[in-house]
Amino acid sequence: MPDNLEKICGLICAYNEEKTICSIVDGAKKHVNPVIVVDDGSTDRTKERARIAGALVIQHSRNLGKGSALKTGFDYFFSSDFDAIVTLDADGQHLPDEIPLLINKLKEGSDAVIAKRDFRGNNVPFTRKIGNLFDSYILSKLLSADIYDAQNGFRAFKRDCLFKLYNSIENGGFPYEAELVVKLVKNKFKVGWADITTIYSRGLESKIKPFKHTLESFKLYGRCLVGKV
């Protein structure tokens with residue numbers, strides 16, 4: 001039976017994204033309300049531009065990492081009576097107009113939905129392609145489940161599902177999102193996958209630090225192997 005989700009908010013975590021934040025907020029507002037922007041200690045005009053675009057802005061006094069920014073946004077989400085939340089990045093890698101693709105899968109019965117990129121395109125940088133495919137492959141094997149895009153931050157969650165998981169993740173940095181995928185699968189939630197447009201361009205500056213984030217990923221694999229996730 002389809003779910004009737006009436007109150008859905010959007011969450012955008014941003015760090016020094018003054019060039020793109022307005023367009024992302026504008027686009028998201030067409031599909032979700034309100035749009036929350038967690039400014040994770042930006043040193044540029046991200047928070048001012050987000051407010052101008054109509055977002056509800058929550059500011060960190062210093063940069064705490066993606067996981068901590070997500071948790072701050074989730075805390076606000078649970079302080080009200082929203083039915084679901086959609087998360088997306090602030091740098092332009094996700095198209096806000098594709099938000100309905102995720103919401104529709106929630107309405108069809110998924111507890112959580114993760115957007116799935118196509119890494120076969122020539123526009124995807126080799127290091128990003130290998131990193132994403134390797135991460136998804138290893139987690140698929142460890143979890144005995146099909147994990148297509150473990151690092152994608154374009155996601156949607158029903159309230160009850162997210163509430164049971166979000167506070168159990170201690171890491172506030174890059175691995176937060178991948179660990180959330182692990183917990184979704186281990187707790188046997190129904191995870192849907194939505195094909196989205198794959199956007200990579202020279203104008204997009206990645207916040208990923210290859211050595212640090214690779215090391216963090218291997219730590220997560222190890223914790224999965226010994227049953228600590």
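Residues numbered from 1 in each chain as written. Predicted model: local features only at pLDDT ≥ 70, side-chain atom pairs only at ≥ 80, totals over all residues. Heavy atoms only, no water.

### Quick word on the overall build of the chain
Then, in step 1: Looking only at helices and strands, one finds eight helices and seven strands in the chain.
Then, in step 2: A buried classification covers 52% of the 229 residues belonging to the chain.
Then, in step 3: Intrachain contacts of the chain at a sequence separation of at least 6 include 75% that bridge at least 24 residues.
Then, in step 4: About 11300 Å² of surface is accessible on the chain, with carbon and sulfur atoms providing 51% of the total. (Helix = DSSP H or I, 4+ residues; strand = E, 2+ residues; numbered from the N terminus. Buried < 20%, exposed > 50% of the residue type's maximum accessible area, 1.4 Å probe, protein only. Contact = heavy atoms within 4.5 Å. Areas by Shrake-Rupley, 256 points an atom, 1.4 Å probe, with all protein chains shown as cover.)

### Things to note about the side chain of Ser-140
Then, in step 1: Along the chain, Ser-140 turns up in helix α5 (residues 126-143).
Then, in step 2: With sequence-adjacent residues up to four places away left out, Ser-140 is seen in contact with Ala-145, Asp-146 and Ile-147.

### Structural notes on the sheet that holds strand β3 (residues 56-60)
In any sheet, the strands associate via hydrogen bonds between backbone groups, in a parallel or an antiparallel arrangement.
Then, in step 1: Ordered by their spatial adjacency, seven strands build an open sheet running β3-β2-β1-β4-β6-β5-β7, and the pairing between neighbours is mixed. One side of each edge strand has no neighbouring strand; the edge strands of this open sheet are β3 and β7 (191-195). Across the sheet, the mean angle separating the axes of adjacent strands is 20° when strand polarity is ignored.
Then, in step 2: Relative to strand β6 (residues 155-158), strand β4 (residues 84-89) is paired through four bridges, and the arrangement is antiparallel. Looking at β6, one finds that Thr-87 is bridged to Arg-155.
Then, in step 3: The sheet strands contacting helix α7 (residues 175-186) are β5 (112-116), β6 and β7, and the helix crosses β6 at an angle near 45°. (Pairing = 2+ DSSP bridges. Axes fitted to C-alpha atoms, helices over the stretch in contact; angles between N-to-C directions.)

### Considering the packing of aromatic side chains
Then, in step 1: Taken as a whole and assessed by the stated rule, the structure comprises seven aromatic pairs.
Then, in step 2: Summarising the aromatic geometry, the rings of Phe-74 and Phe-157 are spaced 6.2 Å apart at their centres and angled 80° between planes, so their arrangement reads as edge-to-face. Within this pair, whereas Phe-74 is found in helix α3 (residues 66-78), its partner Phe-157 is found in strand β6, the two being separated by 83 residues in sequence. No difference in accessibility class separates Phe-74 from Phe-157, as the two residues are buried.
Then, in step 3: Each ring, one from Phe-78 and one from Phe-163, has its centre 5.2 Å from the other, and the planes form 70°; the classification is edge-to-face. Note that Phe-78 is positioned in helix α3 and Phe-163 in helix α6 (residues 159-163), a separation of 85 residues in sequence. (Phe/Tyr/Trp six-rings, centres within 6.5 Å; stacked < 30°, edge-to-face > 60°.)

### Notes on the nonpolar core
Then, in step 1: Judged by nonpolar contacts, the single largest core of 29 residues is most densely connected at Ile-12 and Val-37.
Then, in step 2: Beyond its immediate sequence surroundings of up to four residues, Val-37 is in contact with Ile-12, Ala-14, Ile-21, Val-25, Ala-50, Ala-55, Leu-56, Val-57 and Ile-58.
Then, in step 3: Within the second largest apolar cluster, 23 residues are counted, among which are Cys-9, Ala-69, Phe-78 and Leu-184. (Core = buried A, V, L, I, M, F, W, Y, C linked by side-chain atoms within 4.5 Å.)

### Here we look at the pattern of salt bridges
Then, in step 1: Summed over all chains, the structure comprises seven salt bridges.
Then, in step 2: In this structure, Arg-117 engages Asp-149 in a salt bridge whose closest nitrogen and oxygen atoms are separated by 2.8 Å. Here Asp-149 lies in the loop between α5 and β6 and Arg-117 lies in the loop between β5 and α5, a separation of 32 residues in the sequence. The burial state of Arg-117 is the same as that of Asp-149; both residues are buried.
Then, in step 3: When salt bridges with common partners are traced through the structure, they connect Lys-66, Asp-89 and Glu-177 into a single cluster. (Salt bridge = Lys/Arg side-chain N within 4 Å of Asp/Glu carboxyl O.)

### Quick word on the side chain of Ser-110
Then, in step 1: On the secondary structure map, Ser-110 appears in the loop between α4 (99-107) and β5.
Then, in step 2: Under the relative-accessibility criterion, Ser-110 is labelled buried at 7%.
Then, in step 3: Residues within four places of Ser-110 in sequence aside, it is in contact with Lys-105, Lys-158, Lys-190, Val-191 and Gly-192.

### Concerning α3
Then, in step 1: Helix length check: α3 (13 residues) gives 18 Å between terminal C-alpha atoms against 18 Å at 1.5 Å per residue, within 8%.
Then, in step 2: Gly-67, Ala-69, Leu-70, Gly-73, Phe-74, Phe-77 and Phe-78 are the residues of α3 that are buried. (Expected span 1.5 Å × (residues − 1).)

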